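Spelled out, the chains give:
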Amino acid sequence: MTGRPTQDAPQGQDALWSRVDEYFAVLTPEDDALVDTRTRAEAAGLPDIAVAPNQGKLLHLLATLTGARRVLEIGTLGGYSTLWLARALPPDGRVVTLELEQHHADVARSSLDAAGVGEQVEVLVGPAADALVALAGREVEPFDLVFVDADKQQLALYLERILPLVRPGALVVVDNVVRLGAVVDPDHPDDRVQGVRRMVDLLADHPRFDATVVQTVGVKGYDGFALLRVLP
């Protein structure tokens, strides 16, 4: 849904994609809390790689449609996607979100508290691979939905480590897996592209994941996301 491009978009198409997103924005209006979350992240110098409003609404709808009560997010950034997800949960719902950078986590925490969802969100700081092992050691209640929007180099590892943490039938959304089409190149020098390809190799015959990939275009350029269902 977001991500740093690995090659140029087709000439002229990116402007059209943005105009189409703007046209459909009437369906995904941002309230003050969402706008404030975006602007606070920008003012704090965080990278401009958060999901777009229509993509945040998609996450919200997926959480609602699956009846999610517990959500795991890998990659908090400024908390923008976290807010969309938290708002989809029932009063006893909870988001556990993992963020590598303390500064990012502090900005996200301020925004989530200001938006009134702070008590439903636990922000864990540190390497996600380690945090996933620690969560499994805590024997936490299984998660219903997982949103992976972190470093692509470790996607395959993240998917393996979330399996002990999710219930059968859980939905997993993995962001930025098309990389402007660069994933078709087996020799591409970008290690993020190679990380996605390792994930695809893992998923191709994995006994616990049923998966597909949806390509997307819009204000964030040309990319896509993977949808996975966790099998028993």
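Above this text is the structure in question.
Worth saying up front: this structure is predicted, and the values here are computed from it rather than measured.

What counts and what doesn't
- Residues numbered from 1 in each chain as written.
- Predicted model: local features only at pLDDT ≥ 70, side-chain atom pairs only at ≥ 80, totals over all residues.
- Heavy atoms only, no water.
- Patch = residues over 30% accessible without salt bridge, like charges linked within 9 Å, V, L, I, M, F, W, Y side chains within 5 Å.
- Areas by Shrake-Rupley, 256 points an atom, 1.4 Å probe, with all protein chains shown as cover.
- Salt bridge = Lys/Arg side-chain N within 4 Å of Asp/Glu carboxyl O.
- Helix = DSSP H or I, 4+ residues; strand = E, 2+ residues; numbered from the N terminus.
- Buried < 20%, exposed > 50% of the residue type's maximum accessible area, 1.4 Å probe, protein only.
- Phe/Tyr/Trp six-rings, centres within 6.5 Å; stacked < 30°, edge-to-face > 60°.
- Lys NZ or Arg CZ within 6 Å of the ring centre and 35° of its normal.
- Axes fitted to C-alpha atoms, helices over the stretch in contact; angles between N-to-C directions.
- Parallel < 35°, antiparallel > 145°, perpendicular 65-115°, else oblique.
- Contact = heavy atoms within 4.5 Å.
- Nonpolar A, V, L, I, M, F, W, Y, C, P; charged D, E, K, R; others polar.
- Pairing = 2+ DSSP bridges.
- Right-handed = clockwise from strand over helix to strand, strands pointing away.

### Here's the deal with a nonpolar patch on the surface
Together, Leu-16, Val-20, Tyr-23, Phe-24, Val-26 and Leu-27 make up an exposed nonpolar region whose accessible area comes to about 630 Å². Looking at the secondary structure, you find Leu-16 in helix 1 (residues 13–24). On the accessibility criterion, Leu-16 (39% relative accessible area) is partly exposed.

### Things to note about the pattern of salt bridges
Under the defined criterion, the tally for this structure stands at ten salt bridges. Between Glu-141 and Arg-69 there is a salt bridge; the shortest N-O distance is 1.9 Å. Placement of Glu-141 in the loop between helix 6 (128–138) and strand 4 (143–148) and of Arg-69 in the loop between helix 3 (53–65) and strand 1 (70–74) is noted, with a sequence separation of 72 residues between them. Classification of Arg-69 by relative accessible area gives partly exposed; the value is 24%. Residues joined by salt bridges that share partners form a network here, namely Arg-69, Asp-92 and Glu-141.

### Here we look at the packing of aromatic side chains
As enumerated under the stated definition, the model contains two aromatic pairs in all. Seen from their ring centres, Tyr-23 and Phe-24 are 4.9 Å apart, and the 70° between their planes marks the pair as edge-to-face. Positioned above the aromatic ring of Phe-143 is the side chain of Arg-70, whose terminal nitrogen or guanidinium carbon lies 4.5 Å from the ring centre.

### A short note on the packing of helix 7 (residues 155–162) against helix 8 (residues 191–204)
Helix-helix packing is described using two parameters, namely the angle between the two axes and the distance between the axes. The N-to-C vectors of helix 7 and helix 8 enclose an angle of 40°; their axes lie 7 Å apart at closest approach. The orientation of helix 7 with respect to helix 8, classified from their angle, is oblique. Where helix 7 abuts helix 8, its residues Leu-155, Ala-156, Leu-159 and Glu-160 lie against Gly-195, Val-196, Arg-198, Met-199, Leu-202 and Leu-203. Split into classes, the residues belonging to the contact of helix 7 with helix 8 amount to seven nonpolar, one polar and two charged.

### Overview of the pairing of strand 5 (residues 166–175)
Along strand 5, seven of the ten residues are buried, which leaves the element largely enclosed by surrounding structure. Bridge count between strand 4 and strand 5: five bridges; the pairing is parallel. Pairing of Val-148 across the sheet is with Val-174, part of strand 5. Handedness of the crossover is the feature at issue here: the chain leaves strand 4, passes through helix 7, returns alongside strand 5, and the resulting connection is right-handed.

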